[in-house]
Amino acid sequence: MTNDRITFKERIYSVVGSIPKGKVLTYKAVAQLAGNSTAARAVGTCLGQIPHDSKLPWHRVINSQGKISFELGSDRFVAQKQRLQDEGVMFVGQRCNLKQYLWDL
DNA sequence: TGATTGGCCAGGG
DNA sequence: GCCCTGGCCAATC
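Reading the values: the criteria
Residues numbered from 1 in each chain as written. Chains lettered and ligands numbered in written order. Predicted model: local features only at pLDDT ≥ 70, side-chain atom pairs only at ≥ 80, totals over all residues. Heavy atoms only, no water. Near = heavy atom within 4 Å. Polar contact = N/O pair within 3.5 Å; in protein donor to acceptor, adjacent residues only side chain to side chain. Helix = DSSP H or I, 4+ residues; strand = E, 2+ residues; numbered from the N terminus. Buried < 20%, exposed > 50% of the residue type's maximum accessible area, 1.4 Å probe, protein only. Contact = heavy atoms within 4.5 Å.

- Per an unreviewed UniProt entry, chain A goes by Methylated-DNA--[protein]-cysteine S-methyltransferase and derives from Alginatibacterium sediminis.

Given below as structure tokens:
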């Protein structure tokens, strides 16, 4: 098919869009669901290209340490933290309860 | 086509 | 708990 030109970005979008409310995923987890467990860095790069206007819950994607990769106080950091808290995800400084909110399939 | 950038993961001090 | 380094992969120019 000529439609097989789907890039990781497209696949990542689908995975991120499948994250339920109140749950979070790590970049690595998204990479695995996208088909490449070793492309966590690619996920971060692709997510960085997603505009804030996107309907994708990109804010539900954090690093494996349960922390937001953005700079503390950054525009994205505040937006992500606020959206997550609005969904019931409590944050402690720069970190959140990964074990409690991690989307475990 | 080739090289660079960007960003997370893992380990060690 | 924090900081630093090396490695890896995909997208981009």
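**A few points about the protein's contact with DNA strand B**
Part 1 of the argument: Taken together, Tyr27, Lys28, Ala40, Arg41, Gly44, Thr45, Asn63, Ser64 and Ser69 form the complete shell of residues around DNA strand B.
Part 2 of the argument: Taking the atoms of DNA strand B that fall within 4 Å of the protein, sugar and phosphate contribute 64% of them.
Part 3 of the argument: Within the backbone of Ser64, one N or O atom sits 2.9 Å away from a phosphate oxygen of DNA strand B.
Part 4 of the argument: The contact in question runs from a phosphate oxygen of DNA strand B to an N or O atom on the side chain of Ser69, over 2.5 Å.

**Looking at the side chain of Asn63**
Part 1 of the argument: Tracing the sequence through the fold places Asn63 in the loop between strand S2 (61–62) and helix H4 (75–86).
Part 2 of the argument: Look at Asn63 and you get buried, because its relative accessible area is 15%.
Part 3 of the argument: A distance of 2.8 Å separates a polar atom in the side chain of Asn63 from the backbone nitrogen of Lys67.
Part 4 of the argument: In contact with Asn63, other than residues within four places in its own chain, are Thr26, Tyr27, Ser69 and Leu98.

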